[in-house]
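# Examining the three-dimensional arrangement
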Amino acid sequence: MVDNLIDFYENNLSMKKLIFSYSKTYFKFCFMIFPITGIITSILFFLYKKFFILIIMAIILMIPLYFINSQIKKILSNRYKINSKSFLWDINGYNKIRMNLLIDYLTKENILKNEKN
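Below is a short write-up of the structure. (Residues numbered from 1 in each chain as written. Predicted model: local features only at pLDDT ≥ 70, side-chain atom pairs only at ≥ 80, totals over all residues. Heavy atoms only, no water.)

### Details of the overall build of the protein
Here is the rule: Numbering of helices and strands runs from the N terminus; a helix is a DSSP stretch of H or I covering at least four residues, while a strand is a stretch of E covering at least two. The globule rule used here is 2.2 Å times the number of residues to the 0.38 power, and the radius of gyration it is set against is calculated over C-alpha atoms. Contacts between residues were defined by any pair of non-hydrogen atoms, one from each residue, lying within 4.5 Å.
Helices and strands together make up the secondary structure of the protein, namely five helices and zero strands. Going from N to C terminus, the protein has its helices and strands arranged as α-α-α-α-α. A compact globule built from 117 residues should have a C-alpha radius of gyration of about 13 Å, whereas the protein, at 20 Å, is more than 25% larger. Along the first, second and third principal axes, the C-alpha set of the protein runs to 65 × 35 × 25 Å. If you take every contact in the protein between residues at least 6 apart in sequence, the share linking residues at least 24 apart comes to 54%.

### Quick look at a positive patch on the surface
Rules: Within the patch definition used here, like charges are joined within 9 Å and nonpolar side chains (Val, Leu, Ile, Met, Phe, Trp, Tyr) within 5 Å, considering only residues with over 30% relative accessible area and no salt bridge. Using a 1.4 Å probe, accessible areas were evaluated by the Shrake-Rupley method; residue-level cover was limited to the displayed protein chains. What counts as a salt bridge is simple: a side-chain nitrogen of Lys or Arg found within 4 Å of a carboxyl oxygen of Asp or Glu. Within this scheme the basic residues Lys and Arg register as positive and the acidic residues Asp and Glu register as negative, but His and the chain ends are omitted. Every charge is mapped onto a representative atom, which is NZ of Lys, CZ of Arg, CG of Asp or CD of Glu.
Where like charges cluster on the molecular surface, the positive patch consists of Lys16, Lys17, Lys24, Lys28, Arg79 and Lys81. Mapped onto the positive patch, the elements with two or more residues apiece are helix H2 (15–18) and helix H3 (24–48). Relative to the elements of secondary structure, Arg79 occurs in helix H4 (residues 51–80).

### Observations concerning the nonpolar core
Put simply, the rule is: In these notes, a set of buried Ala, Val, Leu, Ile, Met, Phe, Trp, Tyr and Cys residues joined through side-chain atoms within 4.5 Å is what counts as a nonpolar core. Relative accessible area decides the class of each residue, using a 1.4 Å probe on protein chains only: under 20% of the type maximum gives buried, over 50% gives exposed, and in between gives partly exposed.
Grouped together as the largest cluster of nonpolar side chains are 12 residues: Leu18, Ile19, Phe27, Cys30, Ile68, Ile72, Ile75, Leu76, Tyr80, Ile82, Trp89 and Tyr94. For this core, the elements supplying multiple residues, two or more each, are H3 and H4. Per element, the largest residue contribution to this core is five residues, and it comes from H4. Discounting residues that sit within four places of it in the chain, Tyr94 has contacts with Leu13, Ser14, Met15, Leu18, Ile19, Leu76, Ile82 and Trp89.

### What to know about a nonpolar patch on the surface
Taken together, the side chains of Ile39, Ile43, Phe46, Leu47 and Tyr48 define a hydrophobic patch exposed on the protein surface, amounting to about 580 Å² of accessible area. Along the chain, the position of Tyr48 falls in helix H3. Given the relative accessible area of 52%, Tyr48 is considered exposed.

Below is the structure:
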């Protein structure tokens, strides 16, 4: 039973399934920038020993984070009708979706009794 629950979580409730699966190429590209920037920063800092290199690379890393955040907000808005008024995406709304999917699964599998108020 625990194995089935873990499988359900991985296949239906994970961020990979609920968000990243709708824009695979985009997220892969953005996440590839992080190690590449880290390697370039290390090499440049080692060669030139200049603090401004770290600041510039930190700013460069903020750019893909901004685009990842924006893409997640679009997916949550379009697919799940979760709109965020703040700069960051709405993690509480996302967790409510996940919780409702989990409750539906547990109820369907007769693990959780459907209580009526």
